[in-house]
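Here are the chains, one letter per residue:
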Amino acid sequence: QVQLVESGGGLVQAGGSLILSCAISGTIFSFNTMAWYRQTPGKQRELVAAIGADGRTNYADFVKGRFTISRDNAKKAGYLQMNSLQPEDTAVYYCNSDLRFLSGRVYTYWGQGTQVTVSS
């Protein structure tokens, strides 16, 4: 069964750093765009950063210069390096990716989410 599994969340003080990982388990042909979203209670899920299969990146304005998204195609994984974390970055972070299967079909998958808490 194909899954996206996030890890790396936790509690950090303001100004600190965390690295989130998203690993794709199961058999796929490739993965296209991989993105990180975040959500806080009562708010809609919002895009944090995305990286295409060609390596092009896109960032939300509120993380530009602080977060870096990357991917490792051989390991079927993606990463989000988060620096200079602030309390307002506290949220559940979700990994999202368009997975291409051997059949040629592409489906969008979500991870289960990982909590990031930044204390002031």
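Being a predicted model, the structure only gives us computed values, none of them experimental.

Here is what the cut-offs are and how they apply
Residues numbered from 1 in each chain as written. Predicted model: local features only at pLDDT ≥ 70, side-chain atom pairs only at ≥ 80, totals over all residues. Heavy atoms only, no water. Helix = DSSP H or I, 4+ residues; strand = E, 2+ residues; numbered from the N terminus. Contact = heavy atoms within 4.5 Å. Salt bridge = Lys/Arg side-chain N within 4 Å of Asp/Glu carboxyl O. Buried < 20%, exposed > 50% of the residue type's maximum accessible area, 1.4 Å probe, protein only. Phe/Tyr/Trp six-rings, centres within 6.5 Å; stacked < 30°, edge-to-face > 60°. Lys NZ or Arg CZ within 6 Å of the ring centre and 35° of its normal. Pairing = 2+ DSSP bridges. Axes fitted to C-alpha atoms, helices over the stretch in contact; angles between N-to-C directions. Core = buried A, V, L, I, M, F, W, Y, C linked by side-chain atoms within 4.5 Å. Polar contact = N/O pair within 3.5 Å; in protein donor to acceptor, adjacent residues only side chain to side chain.

**Student:** Is there a simple way to explain unusual backbone geometry in this structure?
**Tutor:** Glycine aside, the phi torsion of most residues is negative, and most peptide linkages are trans. With phi around 55°, K76 is a residue other than glycine that occupies positive phi space. Along the polypeptide, K76 turns up in the loop between β7 (67–72) and β8 (77–82). Located in the positive-phi region is S84, a residue other than glycine, with phi close to 50°. Residue position: S84 is located in the loop between β8 and β9 (91–100).

**Student:** How should the environment of L11 be read in this particular structure?
**Tutor:** By the element assignment, L11 lies in strand β2 (residues 10–13). In sequence terms L11 and C22 are eleven residues apart; their C-alpha atoms lie 18 Å from each other. Setting aside residues up to four positions removed in sequence, L11 forms contacts with T117 and S119.

**Student:** Honestly, the pattern of salt bridges in this entry has me stumped. Any pointers?
**Tutor:** Close approach of charged atoms lets side chains of opposite charge pair. The full count for this structure, using the stated rule, is five salt bridges. Notably, a salt bridge pairs R38 with E46, separated by 2.9 Å at the nearest N-O pair. Given the relative accessible area of 33%, E46 is considered partly exposed. Of the charged contacts in the structure, one is a salt bridge between R56 and D54, with a shortest N-O distance of 3.5 Å. Like R56, the residue D54 is exposed in the burial classification. Taken together, the salt bridges that share partners define one network made up of R38, E46, R66 and D89.

**Student:** I'm lost on the packing of aromatic side chains in this one. Help?
**Tutor:** We describe a pair of aromatic rings using the distance from one ring centre to the other and the angle between the two ring planes. Scanning all chains against the criterion turns up three aromatic pairs. A ring pair is formed by F101 and Y107, whose centres lie 5.8 Å apart and whose planes are at 70°; its orientation type is edge-to-face. On the basis of relative accessible area, F101 is assigned to the buried category, the value being 15%. Positioned above the aromatic ring of W110, the side-chain terminus of R45 is 4.7 Å from the ring centre.

**Student:** In this structure, what is going on with the sheet that holds β8? I would like to understand it.
**Tutor:** Remark on secondary structure: sheet strands pair via backbone hydrogen bonds, oriented parallel or antiparallel. Reading across from one edge, β1-β3-β8-β7 is the order of the four strands in this open sheet, with antiparallel pairing throughout. Only two strands of the sheet have a single neighbouring strand rather than two, namely β1 (3–7) and β7. Within this sheet the neighbouring strands show an average axis-to-axis angle of 15°, counted without direction.

**Student:** I would appreciate a short explanation of the nonpolar core in the present structure.
**Tutor:** Within the largest apolar cluster, 29 residues are counted, with the highest numbers of intra-cluster contacts made by W36, L80, M82 and Y93. When contributions to this core are tallied by element, the ones reaching two or more residues are β3 (18–25), β4 (30–39), β5 (46–51), β7, β8, β9 and β11 (114–119). With residues near it in sequence (within four places) discarded, L80 still touches L18, I19, L20, W36, V48, A49, F67, T68, I69 and Y93.

**Student:** Just checking my understanding: could you explain the environment of Q86 for this structure?
**Tutor:** Along the chain, Q86 falls in the loop between β8 and β9. By relative accessible area, Q86 is classed as partly exposed at 29%. Linking Q86 and E6, residues 80 residues apart in sequence, is a C-alpha distance of 21 Å. In this view, Q86 contacts A14, G15, R66 and V118; residues no more than four positions away in its chain are not counted. A distance of 3.3 Å separates the side chain of Q86 from the backbone oxygen of S84, its partner in a polar contact.

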